[in-house]
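Each chain is listed here by its residues.
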Amino acid sequence: MWRSFFTVLIVVGLFGCKTNRHTYSYDTIDVVDFKMLEPQLSKSTDTVYVVNFWATWCAPCVKEFPYFDEAAKKYSGSKVRFLMVSLDFPNQLEKSLKPFVKSRTNRLPVVLLDDPNQNEWINKVSSDWSGALPATLIYKGSYKVFIEGPIELADITSNIDSLLVKP
């Protein structure tokens, strides 16, 4: 029970951090279930949230990962927050996930989603999501954009820009 409570606090803290004021060491990557992640998918604030579902074994995910890092750099200091949700297998945390993120970013908060009930939570992320990776949710309050499949930097920034002007 206490572990779950503290993990929720950590996830909330990661997603709430300003990307320009925090550097992540990735010595520890939190493993969460969907119940812990779900509050991060529907915040009602004046901030744009970018949540990317990806895995190190997914070639399109690996290709687009630097685009999110570049977007985080571009929007540092803005009301834009990023969260990279890895769907790697938990037994690959040390061997694959940590080395991957350590070598590619210091701006993006990363969590590992370990929840075998995909049939229950995929539709909670988006009713348009088949479960394929990569997948990206960009939202601000009730305005949501969901993209299943690879995304380019220009798509990320144009969606962020369009939501930044929303009330």
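Residues numbered from 1 in each chain as written. Predicted model: local features only at pLDDT ≥ 70, side-chain atom pairs only at ≥ 80, totals over all residues. Heavy atoms only, no water.

*Asks:* Even after reading the chapter, I still don't get the confidence of the model for the chain, so can you show me in this structure?
*Replies:* In low-pLDDT segments, the atomic positions of the prediction should not be examined closely. A residue-level look at the chain finds 85% of positions with pLDDT of 70 or above and a mean pLDDT of 88. Overall, residues 1–14 carries pLDDT values under 50, and its contacts beyond four positions in sequence, including any with other chains, amount to 16 contacts. This stretch, residues 16–21, has a pLDDT under 50; its non-local contacts, to residues over four places away or in other chains, come to eleven contacts. (pLDDT = per-residue confidence, 0-100. Contact = heavy atoms within 4.5 Å.)

*Asks:* Sorry, what's going on with the packing of aromatic side chains here?
*Replies:* As enumerated under the stated definition, the model contains nine aromatic pairs in all. Both rings, one in Tyr49 and one in Tyr139, keep their centres 5.1 Å apart while their planes meet at 25°; by these two values the pair is stacked. With a gap of 90 residues between them, Tyr49 in strand β2 (residues 48–54) and Tyr139 in strand β5 (residues 135–140) connect regions that are remote in the sequence. Classification of Tyr139 by relative accessible area gives buried; the value is 0%. On the numbers, 5.8 Å between centres and 50° between planes, the contact of Trp129 with Phe146 is tilted. A residue pair is termed long-range when its members are at least 10 positions apart, and Trp129 in the loop between α5 (118–125) and β5 and Phe146 in strand β6 (residues 143–148) qualify at 17 residues. (Phe/Tyr/Trp six-rings, centres within 6.5 Å; stacked < 30°, edge-to-face > 60°. Helix = DSSP H or I, 4+ residues; strand = E, 2+ residues; numbered from the N terminus. Buried < 20%, exposed > 50% of the residue type's maximum accessible area, 1.4 Å probe, protein only.)

*Asks:* When you look at the pattern of salt bridges in this model, what are you seeing that I'm missing?
*Replies:* Oppositely charged side chains can form a pair if their charged atoms are brought close together. Summed over all chains, the structure comprises three salt bridges. Here Glu94 makes a salt bridge to Lys98, at a shortest N to O gap of 2.7 Å. Of the two residues, Glu94 and Lys98 both sit in helix α4 (residues 93–104), four residues apart, roughly one turn of that helix. The exposure class of Glu94 is exposed, given its relative accessible area of 54%. (Salt bridge = Lys/Arg side-chain N within 4 Å of Asp/Glu carboxyl O.)

*Asks:* What's the story with the state of the cysteines in this structure? I'm lost.
*Replies:* Each disulfide is one covalent bond, formed between the sulfur atoms of two cysteines. Applying the stated criterion across every chain yields a total of one disulfide. Paired through a disulfide, Cys58 and Cys61 show a sulfur-sulfur distance of 2.4 Å. Handedness of the Cys58-Cys61 disulfide follows from its S-S torsion of about 75°: it is right-handed. For the pair formed by Cys58 and Cys61, the shared burial category is buried. (Disulfide = S-S within 2.5 Å.)

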